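Coordinates in review
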Amino acid sequence: MDTMRERFASVVSRLLDEDPRLAVVLAEIGADGFRRAAGRHPDRVVNVGIREQLLVGVGGGLALTGMRPVLHTFASFLVERPFEQLKLDFGHQGTGGVLVSAGGSYDWPAGGFTHMAPGDVALLDTLDGWTVHVPGHPDEAETLLRRACAGGAGGNGGGDGNGEDRVYVRLSAQTNARPRPVTGEGFLTVRRGGHGAPAVVAVGPLLDPVLEAVRGLDATVLYAATVRPFDAAALRAAVAGPGAPEVVLVEPYLAGTSTAAAAEALADVPHRILGLGTARAELRRYGTAAEHLAAHGLDPRSLRERITSFTARAAV
Amino acid sequence: MTTATPPHTPAPRSPENLGFEALPALMSLMTGDEKHDAAATSTLDALWVLYDRVLRVRPDRPGDPGRDRFLLSKGHGPMAYYAVLAARGFFPADWLPGFGSYESPLGHHPDRTLVPGVEIGSGSLGHGLPLAVGTALGLRARRPAGPRVWVLVGDAELDEGSNHEAIDFAGAAGLDGLHTLVIDNSSASHPPPGGIASRFTAAGWSALTVDGRDHEALYAAYTRPHPGRPHAVVARVEPKHA
């Protein structure tokens, strides 16, 4: 099986052949994957060098001409470093585009904190209108990327902008064992607990650890490969029942990123929410992804302990 | 890839189009002052010559895909810009007195979604030149030998590092659809050693420095052929802190 990043390069290279509106902007990272596509479409595969402010500015300029720009680099250099460019060169201009990141929160632990972006989704939450996809499998990544690249077709094809369809696709080296039938909208119910059972929302590659963690527990599991917009209706439906709803959010980035969205979804009922994810404090450790997962309490055993102590429900 | 600057065919003046001599009065509608200092008018001559004689833009078709693009990056002090757009008929002059008010589309920094003819929302420095690079790339991919892109920056705005990412890339890419107009009123605390034009030529641009109040010199600099290279015009005006 190829990785999500390999799938990104192969799928978007094919889409470049089919859609003259599409353009890929790179800042060295990932350029190898687009070398052949760049040969076929030299005007629509642009490597700006190690210039991340320009990466985003160029994407914004392409969008102003009606192109659909796809911007790619590590999450830390795509969202965190040029954040004001994202805010102004897309949102404020009223245009759209596709951001595709790699590296996530702990894909390369030996690389250290400079190459980790646990705050990317929380940062985008401060801006209006960004759809956020966190695929858990390369097949899901392909579905979500195709949808993202096709978006924004409401523009006038050459005049002002390409619609306001702004999409962030957070690719990861972490994957689940098998793909789920994601569509790019809403959560999937992958496990249904009893009436009034707690709901665990598992985001992207954390679905498998969550399913293992809740084995034998009475819990509903919702799968979110698309976390923004937050599927409030699915969460409300999952926790409908007697008593105060209990919700556990398990996200592969900063803990609590979606807590406000879940609280808003349940604003009219007393409820309890536990937001799990990567810790705010810098770990200052290298090692492997599995070690980092455990250090953040996101491995199956830690998740089970944290979920059961929150719900105070015994295993059945 | 253009090898020479194509002939200019700006839109003919319509009866309501006003001349350069009308601009101070239009600015007064915004400022309430009869006279304006050099800082307020630092862009006025350069903008006027660009809109009057160079840019292929039409107020009746502000969204024409084939139009030239002018991006005001230095969004501070946009009165001269608004005056030129009003004089060229992009919006009625009776919008001008509302400048900066809640009901007015004309803010102290322009917003492209509110004002016809405004290509980018600006105000935060260092965004226009990178956006212009992307615009030039997009137009080159979609409409070869088509519209040209102009971006206006201030000399102190060039402090922002994002400009240097854009200048170096555009020069290396030979982006000859791109033109940068630098209004130099000596406002940078730490100007580049060797001067502004040499910063551009070192990156592979064509560059000229002219008197920013001399309309013929501006026109000649704007229209100088620059095959295979982006082009910069440094328009020198009175120092901001004279």
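Basis of the calculations
- Residues numbered from 1 in each chain as written.
- Chains lettered and ligands numbered in written order.
- Predicted model: local features only at pLDDT ≥ 70, side-chain atom pairs only at ≥ 80, totals over all residues.
- Helix = DSSP H or I, 4+ residues; strand = E, 2+ residues; numbered from the N terminus.
- Rg over C-alpha atoms; globule rule 2.2 N^0.38 Å.
- Buried ≥ 20, exposed ≤ 12 C-beta atoms within 10 Å, placed from the backbone.
- Contact = placed C-beta atoms within 7 Å.
- Axes fitted to C-alpha atoms, helices over the stretch in contact; angles between N-to-C directions.
- Parallel < 35°, antiparallel > 145°, perpendicular 65-115°, else oblique.
- Nonpolar A, V, L, I, M, F, W, Y, C, P; charged D, E, K, R; others polar.
- Domains from an automatic or database assignment.
- Expected span 1.5 Å × (residues − 1).
- pLDDT = per-residue confidence, 0-100.
- Core = buried A, V, L, I, M, F, W, Y, C linked by C-beta atoms within 7 Å.
- Pairing = 2+ DSSP bridges.

**Describing the overall build of chain A**
Check the secondary structure of chain A and you find 12 helices and 12 strands. At 20 Å, chain A has a C-alpha radius of gyration in line with the 20 Å of a compact globule built from 316 residues. Relative to its 316 residues, chain A shows a buried fraction of 54%. In chain A, 73% of the contacts between residues at least 6 apart in sequence involve partners at least 24 apart.

**What about the packing of helix α3 (residues 52–64) of chain A against helix α5 (residues 83–92) of chain A?**
All names here are of chain A. Contact geometry of α3 with α5 gives a least axis separation of 9 Å together with a crossing angle of 10°. By the criterion of interaxial angle, the relationship of α3 to α5 is roughly parallel. Across the interface between the two elements, Q53, V56, G57, G60 and A63 of α3 pack against Q85, L86, D89 and F90 of α5. Residue classes in the contact of α3 with α5 are distributed as 4 nonpolar, 4 polar and 1 charged.

**Points about the interface of chain B and chain A**
In this assembly, 24 residues from chain B lie in contact with 28 residues from chain A. Elements with a contribution of two residues or more to the side of chain B that touches chain A: α4 (128–142) and α5 (161–173) of chain B. Here the side of chain B that touches chain A gets 12 residues from one element, more than from any other, and that element is α4 of chain B.

**As for the domain arrangement of chain A**
All names here are of chain A. Each domain of chain A was delimited in the assignment, giving domain 1 (4–170) and domain 2 (188–311). Placing a centre on the C-alpha atoms of domain 1 and another on those of domain 2 gives a separation of 27 Å. Within the residue set of the side of domain 1 that touches domain 2, elements represented by two or more residues are α6 (120–124), β5 (130–133) and α7 (138–150). Counting residues per element, the side of domain 1 that touches domain 2 draws most heavily on β5, at 4 residues. For the side of domain 1 that touches domain 2, the residue count by class is 12 nonpolar, 7 polar and 4 charged.

**Describing α5 of chain B**
Helix length check: α5 of chain B, at 13 residues, gives a terminal C-alpha distance of 19 Å against a target of 18 Å (1.5 Å per residue), a fit within 8%. Packing partners of the buried residues in α5 of chain B comprise α3 of chain A together with α4, β2 (149–154), β3 (178–184) and α6 (196–202) of chain B. Following α5 of chain B by one or two positions, G174 of chain B adopts a phi angle in the positive range, close to 60°.

**Some thoughts on the confidence of the model for chain A**
Confidence in the prediction for chain A averages 94 pLDDT; 95% of positions are at 70 or higher. Below a pLDDT of 50 lies the segment residues 154–162 of chain A, which in the model reaches 28 contacts outside its immediate sequence neighbourhood of four places, other chains included.

**So, the nonpolar core**
The tendency in soluble globular proteins is for nonpolar side chains to be buried as a group. Core analysis: the largest hydrophobic core is formed by 163 residues, its most contacted members being V200, V201, A202, V210 and V250 of chain A together with V133 of chain B. The greatest single-element share of this core, amounting to 9 residues, is contributed by helix α3 (residues 79–87) of chain B. A domain-level breakdown of this core finds at least three residues from each of domain 1 (4–170) and domain 2 (188–311) of chain A. Dropping the residues within four chain positions of it, A202 of chain A is found in contact with L207, V210, V221, Y223, A224 and V250 of chain A.

**With respect to the sheet that holds strand β12 (residues 272–278) of chain A**
All names here are of chain A. Spatial ordering of the open sheet is given by β7-β9-β8-β11-β12, a layout of 5 strands whose pairing is mixed. A strand with exactly one partner marks an edge of an open sheet, and here the two such strands are β7 (188–191) and β12. On average, adjacent strands in this sheet sit at an angle of 25° to one another, irrespective of strand direction. The pairing of strand β11 (residues 246–254) with β12 spans 6 bridges and is classified as parallel. By the bridge assignment for β12, E246 is matched with R272. Docked against the sheet, helix α12 (residues 300–311) engages β8 (199–203), β11 and β12, running at close to 150° with respect to β11.

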